[in-house]
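# Structural features, examined
Each chain, written out:
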Amino acid sequence: MIKPLDQAVYAELNALSNFTFLQGASRPEELVEQAAELGYQAIAITDECSLAGVVKAHVAAKYHSIKLLIGSFFKLEEGIRLLLIAPDRIGYGELSGLITLARRRSPKGEYQLALCDLNITGTHCLAIWLPAESITAAHTTDYGQQLKALFPDRLWIGYGNHLAGDQ
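So, a few notes on the structure that sits alongside this text. Keep in mind the model is a prediction, meaning the values are calculated, not measured. (Residues numbered from 1 in each chain as written. Predicted model: local features only at pLDDT ≥ 70, side-chain atom pairs only at ≥ 80, totals over all residues. Heavy atoms only, no water.)

## Structural notes on the nonpolar core
In this structure, F74, L82, L84 and L118 are the most contacted members of the largest nonpolar core, which totals 24 residues. Contributing elements (two or more residues each) for this core: β4 (81-86), α3 (89-104), β5 (126-129) and α4 (137-150). Examining the composition of this core, we find that four residues originate from one element, α3, more than from any other. Setting aside its immediate chain neighbours within four residues, L118 contacts L76, L82, L84, L98, L113, L147, L150 and F151. By size, the runner-up hydrophobic cluster in this structure holds 13 residues, among which are A15, L38, I43 and L68. (Core = buried A, V, L, I, M, F, W, Y, C linked by side-chain atoms within 4.5 Å. Buried < 20%, exposed > 50% of the residue type's maximum accessible area, 1.4 Å probe, protein only. Helix = DSSP H or I, 4+ residues; strand = E, 2+ residues; numbered from the N terminus. Contact = heavy atoms within 4.5 Å.)

## Digging into unusual backbone geometry
Even without glycine at this site, S65 takes up a positive phi of about 55°. Within the fold, S65 resides in the loop between α2 (54-64) and β3 (67-75). For D153, which is not a glycine, the phi torsion comes out positive at approximately 60°. With respect to the helices and strands, D153 occurs in the loop between α4 and β6 (155-157). On the basis of relative accessible area, D153 is assigned to the exposed category, the value being 79%.

## Observations concerning the side chain of E94
Along the chain, E94 turns up in helix α3. Buried within the structure, E94 lacks any salt-bridge partner; its nearest side chain of opposite charge belongs to R154, at an N-O separation of 5.9 Å. Of the polar contacts made by the side chain of E94, one reaches the backbone nitrogen of H124; its length is 3.3 Å. Excluding anything up to four places from it in sequence, E94 contacts I120, T121, G122, T123, H124 and C125. (Lys, Arg positive; Asp, Glu negative; His and termini not counted. Salt bridge = Lys/Arg side-chain N within 4 Å of Asp/Glu carboxyl O. Polar contact = N/O pair within 3.5 Å; in protein donor to acceptor, adjacent residues only side chain to side chain.)

## Quick look at the pairing of strand β2 (residues 42-45)
Burial along β2 is two-sided: A42 and A44 facing one way and I43 and I45 facing the other are all buried. Both strand β1 (residues 11-15) and β2 contribute to a ladder of three bridges, which runs parallel. Paired with A11 across the two strands is A42, which belongs to β2. Here four bridges tie β2 to β3, and the two strands are oriented parallel to one another. Each bridged residue has a counterpart across the sheet, and for A44 the counterpart in β3 is L69. (Pairing = 2+ DSSP bridges.)

## Observations regarding the side chain of T46
With respect to the secondary-structure elements, T46 resides in the loop between β2 and α2. A distance of 3.0 Å separates the side chain of T46 from the side chain of N14, its partner in a polar contact. Excluding anything up to four places from it in sequence, T46 contacts L13, N14, A15, L16, G71, S72, F73, L83 and I85.

## A short note on the sheet that holds β1
Pairing within the open sheet is mixed, and its six strands lie in the order β1-β2-β3-β4-β5-β6. A single partner strand is all that each edge strand has here, and the edge strands are β1 and β6. Looking at each pair of strands side by side, their axes are set apart by 25° on average, direction ignored. Strand direction decides the pairing type here: β4 and β5, joined by four bridges, are antiparallel. What sits directly across from L84, in β5, is A127. On top of the sheet, helix α1 (residues 28-37) reaches β1 and β2; it is set at about 160° to β2, its chief contact. (Axes fitted to C-alpha atoms, helices over the stretch in contact; angles between N-to-C directions.)

If you want it as structure tokens, here you go:
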């Protein structure tokens, strides 16, 4: 058994479940259970352009008394990688509308979303920008300014430390 964090406040904000095909491996309820076992305060289920895992995660979160954050991960046409978190029901509605827009304009199993489409998120979703290494510095500055305009006081830069199997 993994030892829980000692008096540390931590929330996982980017957890992909097996509903994100070929990326997430664990069921949403397993992610919630593991987060509770590790002593996390909260976990965000952020499947790619989907809310498919949140119902099972919600049931598990109630059982384990852990806060569930609902969100989704997007890869925009411009190469921007973005997490959107819905802090309330209005944000959830905005997020659902954005997912519907992205899915309806593409064949089944795919989605299409551009930076200009983010205007639909209104004023409630929180955004975490995950800058890609392949984007140039000029594009990073431009995209950063556009995201800041779309998400004033609701934009953060995220960082993930992904380790290889031998680390």
